[in-house]
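One letter stands for each residue in the lines below.
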Amino acid sequence: MSCQSLPGIKKIQIVRCADLQAGVMLHSICGCVVAIAAPSETVEFSGRPILQWDGSKVNGTRQEKSKLEFATIHPLPEGEHIAFVVTAADGRQYLIGSREGRYPKIEYTESTGEPGRSAAVRTYKISHIAQKSVLPCVL
């Protein structure tokens, strides 16, 4: 059996949580690949974004924590809950967030940068905790 895993992220998109269908996390827990039929917007990023997640059992219940970090010059929309679709270098897609509660937590740091050393960008750190946080999907 052949198996390949290429490192890296080639695309990040945002989707309004209100536009997602209900119960996507439960569908994913059952082994389904989530189909997203909602409008999305591509987030242009610089540098090397990273998505990582880990799982554990808390009081006998499954729990996943995910963290997405990327830098951009374009601010994300505020005042509404947004979910993220990450496309890995090998083409796999992952959804972080859902229509229901426990929305992704979005934090950022902005810098003017240093001439010749670092870019003037906004660095986002998105964190999410759910029974299943990173959902295989198709957009």
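Colleague: Explain unusual backbone geometry to me, please; I cannot follow it from the model alone.
Modeller: Keep in mind that most residues, glycine aside, have a negative phi and that most peptide bonds are trans. Positive phi values are uncommon outside glycine, yet asparagine 59 reaches one of about 55°. Following the sequence through the fold, asparagine 59 ends up in the loop between strand S4 (46–58) and strand S5 (61–72). Positive phi is not limited to glycine here, since arginine 102 has a value of about 60°. By the element assignment, arginine 102 lies in the loop between strand S7 (93–96) and strand S8 (105–110).

Colleague: Help me understand the pairing of S7 in this model?
Modeller: A regular strand carries its side chains on alternate faces of the sheet. Residues of S7 alternate between two faces, with Gln93 and Leu95 on one and Tyr94 and Ile96 on the opposite face, all of them buried. In the sheet, strand S6 (residues 82–88) pairs with S7 via four bridges, with the strands oriented antiparallel. Each residue of the ladder has a partner; that of valine 86, found in S7, is tyrosine 94. From the end of S6 to the start of S7, which pair antiparallel, there are four residues, and glycine 91 there has a positive phi angle of about 95°.

Colleague: For this particular structure, what's the right way to read the pattern of salt bridges?
Modeller: In a structure, side chains of opposite charge can pair up when their charged atoms sit close to one another. Going through the model one piece at a time under the given rule, you end up with seven salt bridges. One salt bridge in this structure joins glutamate 110 and arginine 122, with 2.8 Å as the shortest N-O distance. On the criterion of sequence distance, the pair formed by glutamate 110 in strand S8 and arginine 122 in strand S9 (residues 122–130) is long-range, its members being twelve residues apart. Relative accessible area serves as the criterion here: at 53%, glutamate 110 is assigned to the exposed category. Assessed through its relative accessible area of 12%, arginine 122 is described here as buried. Each of Arg16, Asp19 and Glu80 takes part in one network of salt bridges that share partners.

Reading the values: rules and limits
- Residues numbered from 1 in each chain as written.
- Predicted model: local features only at pLDDT ≥ 70, side-chain atom pairs only at ≥ 80, totals over all residues.
- Heavy atoms only, no water.
- Helix = DSSP H or I, 4+ residues; strand = E, 2+ residues; numbered from the N terminus.
- Buried < 20%, exposed > 50% of the residue type's maximum accessible area, 1.4 Å probe, protein only.
- Pairing = 2+ DSSP bridges.
- Salt bridge = Lys/Arg side-chain N within 4 Å of Asp/Glu carboxyl O.

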